[in-house]
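Each chain, letter by letter, is given below.
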Amino acid sequence: MPYRILVINPGSTSTKFGVYEDEQPIFDVTLRHSAEELNQFDTIPQQREFRKNLVLEALQQRNFDMSTLSAVAGRGGLVKPITGGTYAISDALVADGLAGINGHHAANLAAAISREIADPLGIPAYTVDPPVVDEMMPIARYAGHPLFYRKSKFHTLNQRAVAKRYAREIGRPYEDLNLIVCHLGGGISISPHVKGKVLDAGNGMDGDSPFSTDRSGNLPVGQVIDLCFSGKYTQQEIRKMVSGQGGLKAYTGSVDLRELTERAETDEKLAELLEAFYYRIAKEIGTMSVVFRGKVDQILLTGGIAYGQKAVESISKWVDWIAPITVYPGEDELLALVQGALRVLRGEETAQQY
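A. Inspection of the sheet that holds strand β11 (residues 325-329) at higher detail. One open sheet accounts for five strands, arranged β9-β8-β7-β10-β11; its pairing is mixed. Looking at which strands have only one partner, the edges of the open sheet turn out to be β9 (197-198) and β11. With five bridges joining them, strand β10 (residues 298-303) and β11 adopt parallel strand pairing. Paired with Thr 302 across the strands is Tyr 328, a residue of β11. Across the sheet, helix α5 (residues 156-170) is in contact with β7 (178-184), β8 (188-194), β9, β10 and β11; its angle to β10 comes to roughly 130°.

B. Examining the environment of Asn 9 more closely. Turning to its location among the elements, Asn 9 is positioned in strand β1 (residues 4-10). Taking relative accessible area as the criterion, Asn 9 reaches 5% and is therefore assigned buried. Sequence separation of Asn 9 and Glu 169 is 160 residues, and the distance between their C-alpha atoms is 26 Å. Ignoring any residue separated from it by four or fewer positions in sequence, one finds Asn 9 in contact with Ser 14, Thr 15, Lys 16, Arg 75, Glu 333 and Leu 334. A polar contact of 3.2 Å, which involves the side chain of Asn 9, links it to the side chain of Arg 75.

C. Expanded view of the packing of aromatic side chains. Taken as a whole and judged by the stated rule, the model has seven aromatic pairs. Aromatic side chains Phe 211 and Tyr 251 sit 6.2 Å apart centroid to centroid with 50° between the ring planes, which places their arrangement in the tilted category. Of this pair, Phe 211 sits in the loop between β9 and α6 (221-228) while Tyr 251 is found in helix α8 (residues 247-252), placing the two residues 40 residues apart along the sequence. Judged by its relative accessible area of 61%, Tyr 251 falls in the exposed class. Taking the centre distance of 5.6 Å and the plane angle of 35° together, the rings of Phe 211 and Phe 277 count as tilted.

D. Region of the structure containing a nonpolar patch on the surface. A cluster of nonpolar side chains, contributed by Val 221, Ile 225 and Phe 229, occupies part of the molecular surface with about 370 Å² of accessible area. Note on placement: Ile 225 falls in helix α6.

E. Inspection of empty space enclosed by the protein at higher detail. According to the stated counting rule, one finds one cavity of 30 Å³ or more in the structure shown. In terms of lining residues, the largest cavity is bounded by Val 128, Asp 129, Leu 157, Arg 160, Ala 161, Lys 164, Arg 168, Ala 336, Gln 339 and Arg 343. When residues of the lining of the largest cavity are traced back to their parent elements, those giving at least two are α5 and α12 (333-345). Sorting elements by how many residues they give to the lining of the largest cavity places α5 first, with five residues. Residue composition of the lining of the largest cavity, by class: four nonpolar, one polar and five charged.

F. How the structure looks around the sheet that holds strand β6 (residues 125-128). With mixed pairing, the six strands of this open sheet are ordered in space as β3-β2-β1-β4-β6-β5. In this open sheet, the two edge strands, each paired with only one partner strand, are β3 (24-32) and β5 (86-88). Taken pair by pair, the neighbouring strands of this sheet meet at an average axis angle of 20°, ignoring direction. By the bridge criterion, eight bridges tie strand β2 (residues 14-21) to β3 in an arrangement that is antiparallel. Its bridge partner being in β3, Val 19 is matched across the sheet by Phe 27. Along the sheet, helix α4 (residues 109-121) makes contact with β1, β4 (71-75) and β6, crossing β4 at roughly 170°.

Conventions and cut-offs
- Numbers given to residues run from 1 along each chain, matching the order in which its sequence is written.
- Whole-chain, interface and lining totals are the exception, using all residues; otherwise, since this is a predicted model, local features are given only for residues with pLDDT of at least 70 and side-chain atom pairs are given and counted only at 80 or more.
- Hydrogens and water molecules were not included; the side-chain quantities draw on all heavy atoms of the structure.
- Any two strands with at least two DSSP-identified bridges between them are counted as paired.
- The helix and strand labels rest on DSSP assignments: H or I over at least four residues marks a helix, E over at least two residues marks a strand, and numbering proceeds from the N terminus.
- Any pair of residues with heavy atoms lying within 4.5 Å of one another is described as a contacting pair.
- Lines are fitted to the C-alpha atoms to define the axes, a helix being fitted only along its stretch in contact, and any angle between axes, read from their N-to-C directions, falls within 0 to 180 degrees.
- Each residue is placed in one exposure class: buried if its accessible area under a 1.4 Å probe, protein chains only, is under 20% of its type's maximum, exposed if it is over 50%, and partly exposed if it falls in between.
- Identification of polar contacts relies on pairs of N or O atoms within 3.5 Å, with a donor-acceptor requirement for protein atoms, meaning one able to donate a hydrogen and the other able to accept it, and with residues adjacent in sequence counted only if both atoms are side-chain atoms.
- Two aromatic rings, drawn from Phe, Tyr or Trp (for Trp, its six-membered ring), form a pair once their centres lie within 6.5 Å of each other, and the interplanar angle then sorts them: stacked below 30 degrees, edge-to-face above 60, tilted otherwise.
- A residue counts toward a patch only above 30% relative accessible area and without a salt bridge, and it is joined to like-charged neighbours within 9 Å or, for Val, Leu, Ile, Met, Phe, Trp and Tyr, to nonpolar neighbours within 5 Å.
- With residues, only the protein chains shown are counted as cover, and all accessible areas are computed by Shrake-Rupley using a 1.4 Å probe.
- The salt bridge criterion pairs a side-chain nitrogen of Lys or Arg with a carboxyl oxygen of Asp or Glu, the two atoms within 4 Å.
- In the cavity and pocket records, a cavity denotes points on a 1 Å grid over the protein atoms alone where a 1.4 Å probe fits but cannot get out, a pocket denotes an open set with protein on both sides within 12 Å along at least 5 of 7 lines, and lining residues are residues with an atom within 4 Å of a point.
- Grid points are joined across faces, edges and corners, and a volume is the space filled by probe spheres set on the points.
- Here the nonpolar group is Ala, Val, Leu, Ile, Met, Phe, Trp, Tyr, Cys and Pro; Asp, Glu, Lys and Arg are the charged ones; every other residue, Gly included, is treated as polar.

Here it is as structure tokens:
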């Protein structure tokens, strides 16, 4: 019997949702939220009813029979660090997401919305591989001073979905493979998947990664200290330099890599910047190969940047000596949520408890 699953993915200015029958979409929808709509709320948790009602109204407009649903799955939020997998959405998980115990993001609303839709229907609600998945080996946590430590916060949902897809395509268990998975989008995260566990991970929002389209990545600490005490910038302004106003945006004013790539054909300095961008990504791939002592089965490139032929070619020329490269452009987080729920519904996995 096929399973019907409603999946919900709240983003900063949109709420994406879809209904799938097994892995086939019946429909998916992107609800865009204007600044005017969101500005009526002082905090992200206050947006919960607004976003939930928009989803329910859109389902009603499509005359969708909610009683045919088998489960609801919501994107993972910034809750406490946990191991990877599919989790039953508990009261504690909802509360921690709304409280923003590990940071505030619209994705934190997904658990609450999913439960509030699922409970009256008497069906389970799940979340899958949230960005706070933490399977790091102890030695990877050391940052260099006892007041600091490295945190695991990365694109877990897409990374693990792509890794498992590759494993299925070659007919081997994910747990048997050594993979370097590179999510290349507005944020960049590069992680070593060692026999089914992510033993190291960066935190691009806090600067522990290569620079991206709008994040600065690993900045020289001494220069950052000098800037912090220069009196020229507020704490918030410096935070925006790290995430939101850094990277390619800081250098060029643009986050459109396609447009920048075209301009670089006649702009030597811009071409140098883009090569530095790809070099820093490749350098992080090389760093993560150390986790496997060089025994890497495959490098997987995913995310929106992986659509660009120039990007793939430039990164590959630096790292193809480490392992073969497979490219999965873009990301399909709705399908990844469906697949996580299906593994539990089919009895392939047991839902974990938060």
